[in-house]
Amino acid sequence: PGLDIYVTDNAWMGTSFRTLEGTVKYTVPVDRTITAGSVFGFGSDTLFGNGDWQSESGSFALSTSGDNLLAYCLDQSGNLNFLAGFYYSGETWLDGNSDDSITYSSGTSALPDALVNTGSVALPHMDNYQYVGPTSGTKAELLSSFGDPSNWFGTNSLGSMPSIVNGPFTISPEQETRI
C-alpha cells in the first residue's frame, strides 16, 4: 500500500484527539504520486483524489458554526506526523495544555506543537474559505503564506467564492546560506 494521509475534524487536546467527530483517509496508490505543488483534496469533483477518500472513523462533517481541520500521517510506529492545521472558529487556537475533553468542542481545538511555527492558520468564523495567496515560492515561503490570514478569502455565501485553485503550486529550491 501507499502512504496514508488523514484529515480529521476531531479536536486536538494537546496530546490526543477528542474523538467525537470524524476522520477520512486518502491512500496514495503505489503506482501514482502526488508531486510537490499538486492541489489535491476532499469535497470538490475538480480536486485530484476527491473520489478516493474513505471514512476512517466517526462522522466527518464540517460545522457551519466553525470547525478545525488537521492533516497528518502516521510513521511506522504509529506516531502522528502533523502536516497542516486549519481553524475557522476564531482567530486563535485553544491552549493545548489540557486533556479535559470538556474544554474542546466540535468547533474548537488546540494547535499541535508541530504546527506552532508553520503549517497552520486560524481565521475568524466564516462558512467558506479559500486560499488566494501566492502559489510559487520556497517551501518555507509557501508555508508562511498559508499561515497568513490575509491570504484567505472568506464568505458566508458559497456563490461568492472564487473558482477553485487548480494549481499547481511552484516550489522553488531553498537557497543555501553561505558565510
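Cut-off values and rules
- Residues numbered from 1 in each chain as written.
- Predicted model: local features only at pLDDT ≥ 70, side-chain atom pairs only at ≥ 80, totals over all residues.
- Heavy atoms only, no water.
- Helix = DSSP H or I, 4+ residues; strand = E, 2+ residues; numbered from the N terminus.
- Buried < 20%, exposed > 50% of the residue type's maximum accessible area, 1.4 Å probe, protein only.
- Contact = heavy atoms within 4.5 Å.
- Areas by Shrake-Rupley, 256 points an atom, 1.4 Å probe, with all protein chains shown as cover.
- Core = buried A, V, L, I, M, F, W, Y, C linked by side-chain atoms within 4.5 Å.
- Phe/Tyr/Trp six-rings, centres within 6.5 Å; stacked < 30°, edge-to-face > 60°.
- Pairing = 2+ DSSP bridges.
- Axes fitted to C-alpha atoms, helices over the stretch in contact; angles between N-to-C directions.

## Comments concerning the overall build of the protein
Turning to step 1, where the next piece is worked out: When its secondary structure is counted, the protein shows one helix and twelve strands.
Turning to step 2, where the next piece is worked out: In the protein, the succession of helices and strands from N to C terminus is β-β-β-β-β-β-β-β-β-β-α-β-β.
Turning to step 3, where the next piece is worked out: Sorting the 179 residues of the protein into buried and exposed places 39% on the buried side.
Turning to step 4, where the next piece is worked out: By sequence separation, contacts in the protein at least 24 residues apart represent 63% of the contacts at least 6 residues apart.
Turning to step 5, where the next piece is worked out: Split by element, the accessible area of the protein, about 10,300 Å² in all, is 51% carbon and sulfur.

## A short note on the nonpolar core
Turning to step 1, where the next piece is worked out: Ranked by size, the top nonpolar core spans 18 residues in total, and within it Val-7, Trp-53, Phe-86, Val-121, Leu-123, Tyr-129 and Trp-152 carry the most contacts.
Turning to step 2, where the next piece is worked out: Secondary structure elements with two or more residues in this core: strand E1 (4-8), strand E4 (23-27), strand E6 (68-74) and strand E9 (128-131).
Turning to step 3, where the next piece is worked out: Per-element accounting of this core gives the leading share, three residues, to E6.
Turning to step 4, where the next piece is worked out: Among all residues touching Phe-86, those that are not within four sequence positions of it are Asp-67, Asn-68, Leu-69, Trp-93, Val-121, Leu-123, Tyr-129 and Trp-152.
Turning to step 5, where the next piece is worked out: Membership of the second largest hydrophobic core comes to 15 residues, among which are Tyr-6, Tyr-87, Tyr-104 and Leu-111.

## Focus on the packing of aromatic side chains
Turning to step 1, where the next piece is worked out: The full count for this structure, using the stated rule, is 14 aromatic pairs.
Turning to step 2, where the next piece is worked out: With a centroid separation of 5.1 Å and an interplanar angle of 10°, the aromatic rings of Tyr-6 and Tyr-72 are classed as stacked. Note that Tyr-6 is positioned in strand E1 and Tyr-72 in strand E6, a separation of 66 residues in sequence. Side by side, Tyr-6 and Tyr-72 carry an identical accessibility label, which is buried.
Turning to step 3, where the next piece is worked out: Aromatic side chains Tyr-131 and Trp-152 sit 5.4 Å apart centroid to centroid with 70° between the ring planes, which places their arrangement in the edge-to-face category. In this pair, Tyr-131 is assigned in strand E9 and Trp-152 in strand E11 (residues 152-155), connecting sequence segments 21 residues apart.

## A short note on the pairing of strand E7 (residues 80-87)
Turning to step 1, where the next piece is worked out: As paired strands, E6 and E7 are joined by seven bridges and run antiparallel to one another. Note on E7: the bridge partner recorded for Leu-70 is Gly-85.
Turning to step 2, where the next piece is worked out: What sits between E6 and E7 in their antiparallel hairpin is a turn of five residues, with Gly-78 showing a positive phi close to 85°.
Turning to step 3, where the next piece is worked out: Of the strand pairs in this sheet, E7 and strand E8 (residues 120-122) are connected by three bridges, and their pairing is parallel. Bridge pairing in E8 links Gly-85 to Ser-120.

## Some words on the sheet that holds E4
Turning to step 1, where the next piece is worked out: Read across the sheet, six strands follow the order E5-E4-E1-E6-E7-E8 without closing on themselves; strand pairing throughout is mixed. Pairing within the sheet leaves two strands with one partner each, and these edge strands are strand E5 (54-57) and E8. Strand-to-strand twist of the sheet, defined as the mean angle between neighbouring strand axes without regard to direction, takes the value 30°.

## Regarding the side chain of Glu-21
Turning to step 1, where the next piece is worked out: Along the chain, Glu-21 falls in the loop between strand E3 (17-18) and E4.
Turning to step 2, where the next piece is worked out: In this structure Glu-21 touches Asp-9, Asn-10, Ser-57, Gly-58, Ser-59, Ala-61, Asp-67, Ser-105 and Ser-106, once residues within four positions along its chain are discounted.

## Some thoughts on the side chain of Thr-108
Turning to step 1, where the next piece is worked out: Assignment of secondary structure puts Thr-108 in the loop between E7 and E8.
Turning to step 2, where the next piece is worked out: Thr-108 gets classed as buried once you look at its relative accessible area, which sits at 18%.
Turning to step 3, where the next piece is worked out: Among all residues touching Thr-108, those that are not within four sequence positions of it are Ala-11, Asn-68, Tyr-87, Leu-94 and Thr-103.

## What about the pairing of E4?
Turning to step 1, where the next piece is worked out: The buried fraction of E4 amounts to four of the five residues, a majority that puts the element mostly inside the structure.
Turning to step 2, where the next piece is worked out: As judged from the five bridges shared by E1 and E4, these two strands associate in the antiparallel manner. When the sheet's bridge partners are listed, Val-7 is paired in E4 with Val-24.
Turning to step 3, where the next piece is worked out: Strand direction decides the pairing type here: E4 and E5, joined by three bridges, are antiparallel. In the strand pairing of E5, Thr-23 is matched with Ser-57.

Geometric descriptors of this kind do not, in isolation, establish any biological role.
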